[in-house]
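# Structure assessment
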Amino acid sequence: MRHLLLATTAALALSATAASAEEGMWTFDNFPIARANQTLGTNIDQAWLDRVRLSSVRFGGCSAGIVSNAGLVLTNNHCVATCVANLSTPDVNYAATGFTPRTREEELRCPGGSAEILTDITDVTDRVKAAGAGLTGQAFTRARDAEIGRIEQEACQGAADRRCQVVSLYRGGQFKLYAYKRYTDVRLAWAPEDRAATFGGDLDNFSFPRFSIDAALIRLYENGQPVATPTHFVWNDDRPVTGTPVFVSGSPGATQRLLTQDQLATVRDVVLPLDQLIASELRGRLVRFAAESEQNAFMAMDPIVGLENTYKRGLGRMRALTDAGFMSRRAEAEADFRARVAADTAIASAAADPWGALSAVQPSVRELYVPMALLEGGTGVGTTAPGGGSVLFAYARTLVRAAQERARPSAERLPEFGDARLGQVENGLMAQRPVYPELEQVRMEWWLSKTREWLTVDDPRVRTLLGAEAPEGLSARLVEGSTLADPAVRRALWDGGLEAIQASDDPLIQWMLSIQDVTRGVRSEWEARVQAPTEQASERLAAARFAAYGDSVYPDATGTLRLTYGLIEGSDVPGQRFNGFTTFDGLWDRATGAAPFDVAPKLLAARATIDGDTVLNMTVSSDTIGGSSGSPVVNEAGEIVGANFDSTVLTQRNAYGYDRDVNRSVIVTTGAVTTALRDVYGMQRLVEELGAD
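Residues numbered from 1 in each chain as written. Predicted model: local features only at pLDDT ≥ 70, side-chain atom pairs only at ≥ 80, totals over all residues. Heavy atoms only, no water.

## Description of the packing of helix α13 (residues 354-375) against helix α21 (residues 516-549)
Worth spelling out the cut-off: Note on geometry: axes are lines fitted to C-alpha atoms, helical ones only across the stretch in contact, with angles between N-to-C directions running from 0 to 180 degrees. Secondary structure follows DSSP: runs of H or I at least 4 residues long count as helices, runs of E at least 2 residues long count as strands, and numbering of each begins at the N terminus. Between 65 and 115 degrees an angle is taken as roughly perpendicular, under 35 as roughly parallel, over 145 as roughly antiparallel, and anywhere else as oblique. Should the near helix be turned counterclockwise from the far one by less than a right angle, the crossing is left-handed, whereas a clockwise turn marks it as right-handed.
Relative orientation of the contacting elements α13 and α21 amounts to 155°, with a least axis distance of 9 Å. When the axes of α13 and α21 are compared, the pair comes out roughly antiparallel. Crossing of α13 against α21: the hand is left-handed.

## So, the side chain of D646
This is how it is decided: Think of it in three bands: with a 1.4 Å probe and only protein chains considered, a residue is buried below 20% of the maximum accessible area for its type, exposed above 50%, and partly exposed in between. As used in this structure description, the phrase polar contact means that two N or O atoms lie within 3.5 Å; if the pair is within protein, one of them must be able to donate a hydrogen and the other to accept it, and residues adjacent in sequence are counted only when both atoms belong to side chains. Between two residues, a contact is recorded if the distance between any of their heavy atoms is within 4.5 Å.
Take D646: it is sitting in strand β19 (residues 639-647). When its relative accessible area of 8% is taken as the criterion, D646 is described as buried. A polar contact is formed between the side chain of D646 and the backbone nitrogen of F206, at a distance of 2.9 Å. In contact with D646, other than residues within four places in its own chain, are N205, F206, S207, R210, S665 and V666.

## Here's the deal with the pattern of salt bridges
Pairs can form between side chains of opposite charge whenever their charged atoms are close. Applicable threshold: Any Lys or Arg side-chain nitrogen found within 4 Å of a carboxyl oxygen on Asp or Glu counts as a salt bridge.
The tally for this structure, following the rule as stated, stands at 54 salt bridges. Ionic contacts of the salt-bridge type, sharing partners, join the residues R142, E376, R397, R401, E416, R523 and E527 into one network.

## Remarks on the state of the cysteines
When the sulfur atoms of two cysteines share a covalent bond, that bond is a disulfide. The criterion, for reference: The term disulfide is used for any two cysteine sulfur atoms that are within 2.5 Å.
Under the criterion given, the structure shown has three disulfides. The disulfide partner of C83 is C110, and the S-S distance across this bridge is 2.1 Å. Between C83 and C110, the S-S dihedral sits near -80°, and the bridge is therefore left-handed. In this pair, C83 sits in helix α3 (residues 81-87) while C110 sits in the loop between β4 (108-109) and β5 (115-123), placing the two residues 27 residues apart along the sequence. Look at C83 and you get buried, because its relative accessible area is 7%. Overall, the relative accessible area of 3% leaves C110 in the buried class. Indicated for the chain is the disulfide connectivity 1-2, 3-4, 5-6, based on numbering the bonded cysteines in sequence order.

## Here's the deal with the packing of helix α14 (residues 391-406) against α21
Rules: Throughout this entry, Asp, Glu, Lys and Arg are counted as charged residues, while Ala, Val, Leu, Ile, Met, Phe, Trp, Tyr, Cys and Pro are counted as nonpolar. The remaining residues, Gly among them, count as polar.
Packing of α14 against α21 leaves a shortest axis separation of 12 Å and a crossing angle of 75°. One way to sum up the angle between α14 and α21 is to call them roughly perpendicular. Across from V400, R401, Q404 and E405 in α14, the residues of α21 making contact are Q516, T519, R520 and R523. Of the residues belonging to the contact of α14 with α21, the class tally is one nonpolar, three polar and four charged.

## Quick word on the pairing of strand β13 (residues 562-567)
Selection rule: At least two DSSP bridges between two strands are needed for those strands to be called paired.
When you tally the buried positions in β13, you get five out of six residues, the bulk of the element. In this sheet, β13 lies alongside strand β12 (residues 245-250) in antiparallel orientation, the contact comprising six bridges. When the sheet's bridge partners are listed, V248 is paired in β13 with T564.

## Overview of the packing of aromatic side chains
This is how the line gets drawn: Two rings from Phe, Tyr or Trp (for Trp, the six-membered ring) form a pair when their centres sit within 6.5 Å of each other. Planes less than 30 degrees apart are called stacked, planes more than 60 degrees apart edge-to-face, and all others tilted. A ring has a charge above it when a Lys NZ or an Arg CZ is no more than 6 Å from the ring centre and no more than 35 degrees off the ring normal.
Here the structure, examined in full by the defined rule, presents 17 aromatic pairs. Ring plane angle 40° and centroid distance 6.3 Å describe the contact between F584 and W588, whose orientation is recorded as tilted. Taken as a pair, F584 and W588 lie in helix α22 (residues 584-590) at a separation of four residues, close to a single helical turn. Both residues of the pair, F584 and W588, count as buried. Over the ring of W494 we find R406; its NZ or CZ atom is 4.3 Å from the centre of that ring. Across from the ring centre of Y395, 4.0 Å away, lies the NZ or CZ of R490, which sits over that ring.

## Some thoughts on the pairing of strand β6 (residues 162-169)
The buried fraction of β6 amounts to six of the eight residues, a majority that puts the element mostly inside the structure. Across eight bridges, the pairing between β6 and strand β7 (residues 174-183) is antiparallel. Considered in β7, the bridge of C164 is made with A179. Count of turn residues in the β6/β7 antiparallel hairpin: four residues, of which Y170 carries a positive phi of about 55°.

## Points about the confidence of the model for the chain
Worth spelling out the cut-off: Scored from 0 to 100, pLDDT records how confident the predictor is in each individual residue.
Looking at the chain, the pLDDT average stands at 92 and 97% of residues meet or exceed 70. Here residues 1-19 is a poorly scored stretch, pLDDT under 50, and it has 56 contacts once near neighbours within four places are set aside; other chains count.

## A look at the environment of V518
With respect to the secondary-structure elements, V518 resides in helix α21. Classification of V518 as buried rests on a relative accessible area of 15%. As for V518 and P371, which are separated by 147 residues in sequence, their C-alpha atoms are 10 Å apart. Ignoring any residue separated from it by four or fewer positions in sequence, one finds V518 in contact with L375, R461 and T464.

Okay, structure coming up:
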């Protein structure tokens with residue numbers, strides 16, 4: 001492996017010259033060890049990287065780190081919020097009380113929860129590219145999808161405890177097979193009161209100073225027993241020091257730094273406006289629903305928090321794309337890249353003007369994004385999803401699609417239903433989680449009404465969706481008549497295949513069958529007019545980037561494990577000036593007693609026993625993004641000193657380019673977790689397991 005200093009940034013950063021030292025969400029098979037050591041003054045090596053990788057966990061859409069030899073894992077409280085909600089009832093609400101099991105035997109399984117550890121990375125670029133050679137349009141995407149499915153199936157051979165995923169890196173420049181050890185029995189070991197983890201509420205979200213114990217512990221189980229994990233992070237709850245170098249290991253969701261300026265203009269003009277309006281309007285609908293009763297408030301709590309995060313994240317990104325200075329620096333970087341390509345005849349000839357090709361696709365993206373996002377999802381550029389987040393809608397669509405696709409050979413299916421991925425689909429579908437009809441009705445009604453509004457009443461796809469019914473009546477009929485909340489019903493339909501699906505009298509199943517031509521048609525058009533030409537042009541762009549800059553560039557985030565690094569430090573830019581630490585004394589000072597600045601009851605009751613000078617949260621100049629939540633923050637010795645849980649609102653521009661002046665990740669410290677476990681929640685057995693003071 002070559003470890004080169006990153007002398008230029010191509011289209012990756014805000015400068016057309018040298019990249020900032022801490023920039024980059026690096027894959028573990030191309031991490032710049034020499035550069036990191038030179039920048040930080042550290043002395044890590046490949047063995048250190050391997051230990052960090054094998055101690056890092058992907059948990060749902062979050063990240064986490066193993067912290068004991070018995071499968072104990074540290075992540076964020078907001079990463080277990082859905083688990084907490086699924087385990088709670090209005091009478092036993094763990095979000096309000098915290099979850100504090102006295103023994104391991106009382107740790108509860110998270111419905112549908114799964115955790116993964118990356119074990120191997122294999123280059124399969126040549127094989128994937130060969131599958132699509134000479135093809136265009138949907139034939140190109142389907143041929144590649146089929147080959148990817150074969151690679152995944154060959155690698156994992158249907159093993160229930162493994163997951164194999166072919167990942168596109170550099171937007172088609174490379175394809176890597178990621179193999180994971182997979183655990184489907186994940187149990188909640190500790191979660192604080194929600195008010196302790198979310199102190200300050202939405203007002204403090206994506207900001208600093210923060211005063212949140214946004215941490216939780218889960219445990220990996222296999223065959224009914226805790227997993228033995230001899231490779232794990234050592235717990236270090238010493239007081240953090242400004243200037244200390246740290247590494248952040250996690251699975252950042254998605255960045256768009258490699259997009260061209262024309263592609264980003266579409267994100268600014270089409271994608272973000274829809275996503276922001278959708279998130280804000282649905283949040284308003286759920287806030288009104290929650291205000292109607294305590295029961296409704298309980299049901300809507302977790303969805304509202306998620307929507308608030310989505311909206312504020314989008315707000316930060318919109319500010320970046322409308323910041324003339326930010327976009328000018330990106331334009332300069334692109335101009336430098338294009339000049340380097342144009343200066344070399346061979347590179348320019350092979351690239352065949354990928355910028356022009358991607359520009360030519362944008363009218364189709366602008367035309368098709370809204371129907372694709374609302375009816376099918378999976379655009380890769382936005383967050384809007386069909387069904388409005390309805391659990392019943394997701395069950396019905398999965399059952400119908402899976403039955404239809406399983407009737408075909410694996411290589412001819414939609415990729416998400418290939419043999420290598422069916423086990424994961426089935427596990428998620430069969431998980432026992434609560435379904436609230438009242439909340440389902442709100443979500444479905446809202447989504448149907450918004451789809452009609454955005455696509456217009458006269459759109460034939462809307463007519464198929466609604467028939468002669470109104471959104472209010474149709475959603476009520478579908479939700480009230482469906483029995484899909486019952487796991488036994490879902491099991492029977494899954495096992496019965498297409499015949500059982502077609503014979504079902506469940507109104508939601510029958511309605512889902514009736515709209516498949518419409519939704520599949522939208523997807524097919526997107527694949528032919530957007531996905532295929534975008535992937536082909538992006539592949540040429542990636543090849544040109546490698547030719548111009550070598551392998552010392554990093555790929556966009558793709559939800560795969562990455563390692564980034566930085567220093568523990570504050571910030572001193574307009575709109576973001578703070579030192580790098582907050583303490584429990586600061587929490588008491590900030591508290592007013594009124595929401596959202598009311599201290600959680602158990603935390604407040606323990607005030608006299610807590611050392612007020614203990615650091616609660618800190619900031620780090622690391623390169624992170626959504627999906628990095630829960631990422632272990634590790635020092636040179638491989639000791640865990642905290643968990644990433646947020647970043648500042650200015651850092652949301654990180655989706656499009658790293659800016660060292662403003663990029664700050666917000667970390668809950670291990671010292672705060674030790675204090676909470678020992679002094680607030682009486683979890684001495686976990687303190688001892690961690691080897692904490």
